[in-house]
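# Coordinates in review
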Amino acid sequence: MATGETPTRGYTATKDQLQTRLARIEGQVRGIDRMVADDRYCIDILTQISAVQAALDKVALGLLDGHVRHCVAEGTHEGKGEEMSTELMAAVGRLMRRG
């Protein structure tokens, strides 16, 4: 890769979709903030928080999929398969421990 060249990531092909989804999630979070400011019912707020968490989980799964198909595959080809697998499993572990 040439100096200054943007690296290709596992999500590069779907970057626009990813950013659209993240913008939608950002809007949902702002909506939750408005619900709190408006003193909305606790359960309604918790329902919206659950929806945001589910949306973020979907984004995370998509990123993991792209990482495995691109980054780990490329790393394995370059002889870094064990290192890449360890890094991947640590990331999966962090995602599973939250909450």
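These remarks concern the structure in this document. (Residues numbered from 1 in each chain as written. Predicted model: local features only at pLDDT ≥ 70, side-chain atom pairs only at ≥ 80, totals over all residues. Heavy atoms only, no water.)

### Describing the overall build of the chain
Where we set the bar: Comment: elements are numbered from the N terminus, with helices defined as DSSP H or I runs of at least four residues and strands as E runs of at least two. Radius of gyration: C-alpha atoms only; globule rule: 2.2 Å multiplied by the number of residues to the exponent 0.38. By definition, residues are in contact when any of their heavy atoms lie within 4.5 Å. Here, Shrake-Rupley sampling with a 1.4 Å probe gives the accessible areas, and only protein chains in the shown set may cover a residue. As used throughout, the charge tally considers Lys and Arg to be positive and Asp and Glu to be negative, leaving His and the chain termini uncounted. To locate a charge, the coordinates of NZ of Lys, CZ of Arg, CG of Asp or CD of Glu are taken.
Across its full length, the chain holds 3 helices and 0 strands. Helices and strands in the chain line up, N terminus first, as α-α-α. A compact globule built from 99 residues would reach a C-alpha radius of gyration of about 13 Å, whereas the chain, at 18 Å, exceeds it by more than 25%. Summarising its shape, the C-alpha atoms of the chain cover approximately 55 × 30 × 20 Å along the three principal directions. Long-range contacts, defined here as pairs at least 24 residues apart, represent 53% of the contacts in the chain between residues at least 6 apart. When the accessible surface of the chain is split by element, carbon and sulfur atoms take 55% of a total near 7,700 Å². Taking the average place of the 13 positive charges on the side chains of the chain and the average place of its 14 negative ones, the gap between the two points comes to 3 Å.

### Considerations on a nonpolar patch on the surface
Short version of the rule: Patch membership is restricted to residues that have no salt bridge and whose relative accessible area is over 30%. Joining uses 9 Å for like charges and 5 Å for the nonpolar side chains Val, Leu, Ile, Met, Phe, Trp and Tyr. Only one rule defines a salt bridge in this text: a Lys or Arg side-chain nitrogen within 4 Å of an Asp or Glu carboxyl oxygen. Here the term buried applies to any residue with accessible area under 20% of the maximum for its type, exposed to any over 50%, and partly exposed to those in between, with areas from a 1.4 Å probe on protein chains only.
Judged by side-chain polarity, Tyr 41, Ile 43, Leu 46 and Ile 49 come together as a nonpolar surface patch covering roughly 400 Å² of accessible area. The residue Tyr 41 is located in the loop between helix H1 (15-37) and helix H2 (42-77) in this model. On the accessibility criterion, Tyr 41 (56% relative accessible area) is exposed.

### Focus: the environment of Glu 87
Mapped onto the elements of the fold, Glu 87 is located in helix H3 (residues 81-97). Overall, the relative accessible area of 47% leaves Glu 87 in the partly exposed class. In this structure the C-alpha to C-alpha distance between Glu 87 and Val 72, which are 15 residues apart in sequence, comes to 9.5 Å.

### A word on unusual backbone geometry
Of note in this structure, Asp 39 is not a glycine but carries a positive phi near 55 degrees. With a relative accessible area of 69%, Asp 39 lands in the exposed category.

### Concerning H2
This is how the line gets drawn: Multiplying one less than the number of residues by 1.5 Å gives the expected span of a helix. One fitted axis covers the seven residues ending at a residue, a second covers the seven starting there, and the bend at that residue is the angle between these axes.
Along its 36 residues, H2 runs 51 Å from first to last C-alpha, staying within 8% of the 52 Å computed at 1.5 Å per residue. Along its length, H2 reaches its greatest deviation from straightness, about 40 degrees, at His 67. If you check which residues of H2 are buried, you get Ile 45, Val 52, Ala 55, Val 59, Ala 60, Leu 64, Gly 66, His 67, Cys 71, Val 72 and Gly 75. Where H2 is buried, its residues meet H1 and H3. A positive phi of about 85 degrees marks Gly 79, the residue just after H2.

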